[in-house]
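Remarks on the overall topology
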Amino acid sequence: MSWFDWILTVMETLISDISIQKLVLVATIFLLTTLAAFMARRSGIFNLALDGTILVSACFAFLFSQLTTHWMGDKPGAVSVLAGVLAGVFAGVVFTALVGWLIIDAGGNDIIVGLVANYAARHFSLVITGLAASIVSTAAISKLPVVRLAFLDGIPVIGPILGQSSILSWLTAFVPVGIYMLVNRTRLGLCLRAAEENPTALVNAGVQVSALKMKGLLISGLLASFAGIGCVLGSGMIYSSESAAPQSYGYLALVVVFAAGGRLGKSCGFALLLSILTALPAMLSTVEKMPLPLVRSLVYLAALILMLLHVFRHRHRFKMGMRKQVTQAEQKLKDEKRLKEEQKQAEKQKKLREKQEQAKAEKAEKAAKAEKAEKAAKPRSKTKKLTKTAPTPKVEGQPVADELEKKPVRKPRKPRVPKKPAQSEQASQDVSASEDATNE
């Protein structure tokens, strides 16, 4: 087979219906795991036990679905699927609650508790698999119902994606919208955001941070439980001891969330990108001369690149933040210097105005004193009383200006009578009698 034929074979395999269905299943599981890691981060907990939750839920979902199928006569149906879903959800949530108690209440380290929980879940799932080995029937396996859209069967790529996807894949497509509404539009989501960024503010507000973190972690465990259910009931594959090993979905999901900076949109985008690389080994397993170990390593190489980009971007933001802080400090110093100069100028102007007002006041005081001294030095002058002008008859033909030029007529002054010396009473009577005689 030539290289050209080999490349054509690879391309035909990638766009086949079976490969696209595998890709949709892997994307569903990976997206649910990424959303679980996102909710754990919102709770302020580094949930490293996501792989353990997926293993426990997958193992119990497979076990109870097969037990129900065996009791119903080896005919898988809706009852066995429902039993498997309920058992998987219950086991995954209980496992997450145990991990949360060890981290939140017991004060255990996130990383150590998560690693121990993952290894314990792996070995526990092997025990459950061995217990169910005698009951499992390879011919009859429960599977989630598929939503078929017949009108899309003729379309090459969109038909297998939308026309033959399971109900879990359809529900997963709307889960990011629900998570967004929960985080940004509800009180619980806002409190979870505060628990991640500033737990002290919640404590001061009277909110129990431990109970809040446990709620967020249980939501994370619920999403991871559905991811584990999709691993078994979504594919219809038998849960064997080989598949009990961790598939690193949890670790990759944590990398995706931290590389996206805790943002929901970027986390979903990176999850879809890594899900394509994760599904490549299963899609290309039938191609001859395909280096599958190299293909499996692509997803981890992509995760490493995402983390490096996140580190470089974080450093760049840190440098920009430091530059911004330095610029703000320099601007603050300049503003303080400018304010001090303005204050000095204002004080100088104030002192200058005070001096000018003081000089004006002294000048006005000197002028008042000088005027007062002049008045005191000058003799008092007798005031002349003006009499009223006597009205004159108006002569015809005389201009009005002549009337205005008339001078006022002054009354004649009375002559001053000199004061007589004091006389006796008899003399005054004689004088008055002589005056009467003369008048007669």
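So, here's what we can say about the structure. Quantities reported herein were computed from a predicted structural model and do not represent experimental measurements.

**Some points on the nonpolar core**
- One finds Leu274 and Met290 to be the most contacted residues of the largest nonpolar core, which totals 62 residues.
- Of the residues forming this core, the biggest block, 11 residues, is contributed by helix H2 (residues 17–42).
- If near-sequence neighbours (up to four positions away) are discounted, Met290 is found in contact with Trp6, Val10, Leu284 and Val295.
- Residues Phe95, Val99, Ala121 and Leu217 belong to the second largest nonpolar core, which totals 20 residues.

**Here we look at the pattern of salt bridges**
- Counted by the stated rule, this structure contains 3 salt bridges.
- A salt bridge links Glu342 to Arg338, with the shortest nitrogen-to-oxygen separation between them at 3.2 Å. With Glu342 and Arg338 both in helix H13 (residues 292–377) and 4 residues apart, this pair spans about one turn of that helix.
- You can call Glu342 partly exposed: its relative accessible area is 43%.
- Taking relative accessible area as the criterion, Arg338 reaches 40% and is therefore assigned partly exposed.
- Here Glu365 ties to Lys369 by a salt bridge, and the two come within 3.8 Å at their closest N and O atoms. Separated by 4 residues within a single helix, Glu365 and Lys369 lie in helix H13, roughly one turn from each other.

**Points about a nonpolar patch on the surface**
- Together, Leu298, Leu301, Leu304, Ile305, Leu308, Leu309, Val311 and Phe312 line one region of the surface with nonpolar side chains, adding up to about 700 Å² of accessible area.
- Among the secondary structure elements, Leu308 is positioned in helix H13.

**What about the packing of aromatic side chains?**
- Taken as a whole, this structure holds 4 aromatic pairs when the rule is applied.
- Residues Phe60 and Phe124 carry aromatic rings whose centres are separated by 5.8 Å and whose planes lie at 25 degrees to one another, so their mutual orientation is stacked. Here Phe60 is found in helix H3 (residues 50–71), whereas its partner Phe124 is found in helix H5 (residues 110–131), with 64 residues between them in sequence.
- By relative accessible area, which is 38% here, Phe124 ends up partly exposed.
- Put simply, the rings of Phe60, Phe64 and Phe124 pair up and form one aromatic cluster.
- One Lys or Arg, Arg41, reaches over the ring of Phe258 and ends 4.6 Å from the middle of that ring.

**Things to note about the side chain of Thr278**
- Counting through the fold element by element, Thr278 comes out in helix H12 (residues 264–283).
- The class of Thr278 is buried, set by a relative accessible area of 18%.
- At a separation of 2.6 Å, a polar atom in the side chain of Thr278 contacts the main-chain carbonyl oxygen of Leu274.
- Filtering out sequence-adjacent residues up to four positions away, Thr278 remains in contact with Val26, Phe30, Tyr249, Leu252 and Val299.

**Structural notes on the packing of H2 against helix H8 (residues 187–197)**
- Here H2 crosses H8 at 70 degrees, and the two axes come no closer than 7 Å. It follows that H2 is roughly perpendicular to H8 by the angle criterion. Between H2 and H8, the contacting residues are Met39, Arg41 and Arg42 on the first element and Leu192, Arg193 and Glu196 on the second.
- By residue class, the composition of the contact of H2 with H8 is 2 nonpolar, no polar and 4 charged.

**Overview of the packing of H8 against helix H10 (residues 209–232)**
- Axis separation between H8 and H10 bottoms out at 10 Å; the angle between their running directions is 110 degrees. By the angle between their axes, H8 is roughly perpendicular relative to H10. Each of Leu188, Cys191, Leu192 and Ala195 in H8 lies in contact with H10, whose residues at this interface are Leu212, Lys215, Gly216 and Ile219.
- Here the residues of the contact of H8 with H10 are counted per class, giving 6 nonpolar, 1 polar and 1 charged.

**Description of the environment of Leu188**
- By the secondary structure assignment, Leu188 is in helix H8.
- Looking at Leu188, the relative accessible area reads 26%, which means it is partly exposed.
- For the pair Leu188 and Lys215, spaced 27 residues apart in the sequence, the C-alpha separation amounts to 8.9 Å.
- Discounting chain neighbours no more than four positions away, the residues touching Leu188 are Leu182, Leu212, Lys215 and Ile219.

**What to know about the environment of Gln66**
- Mapping Gln66 onto the fold places it in helix H3.
- Separated by 18 residues in sequence, Gln66 and Gly84 place their C-alpha atoms 8.0 Å apart.

**What to know about H8**
- Listed in full, the buried residues belonging to H8 are Gly189, Cys191, Leu192 and Ala195. One face of H8 carries all of its buried residues, which in axial projection span an arc of 160 degrees. In H8, the exposed residues that point more than 90 degrees away from the buried face are Arg187 and Glu197.
- Next to the buried residues of H8 lie H2, helix H7 (167–185), helix H9 (199–204) and H10.

Conventions used here
- Residues numbered from 1 in each chain as written.
- Predicted model: local features only at pLDDT ≥ 70, side-chain atom pairs only at ≥ 80, totals over all residues.
- Heavy atoms only, no water.
- Core = buried A, V, L, I, M, F, W, Y, C linked by side-chain atoms within 4.5 Å.
- Buried < 20%, exposed > 50% of the residue type's maximum accessible area, 1.4 Å probe, protein only.
- Helix = DSSP H or I, 4+ residues; strand = E, 2+ residues; numbered from the N terminus.
- Contact = heavy atoms within 4.5 Å.
- Salt bridge = Lys/Arg side-chain N within 4 Å of Asp/Glu carboxyl O.
- Patch = residues over 30% accessible without salt bridge, like charges linked within 9 Å, V, L, I, M, F, W, Y side chains within 5 Å.
- Areas by Shrake-Rupley, 256 points an atom, 1.4 Å probe, with all protein chains shown as cover.
- Phe/Tyr/Trp six-rings, centres within 6.5 Å; stacked < 30°, edge-to-face > 60°.
- Lys NZ or Arg CZ within 6 Å of the ring centre and 35° of its normal.
- Polar contact = N/O pair within 3.5 Å; in protein donor to acceptor, adjacent residues only side chain to side chain.
- Axes fitted to C-alpha atoms, helices over the stretch in contact; angles between N-to-C directions.
- Parallel < 35°, antiparallel > 145°, perpendicular 65-115°, else oblique.
- Nonpolar A, V, L, I, M, F, W, Y, C, P; charged D, E, K, R; others polar.
- Arc of directions from axis to C-beta.

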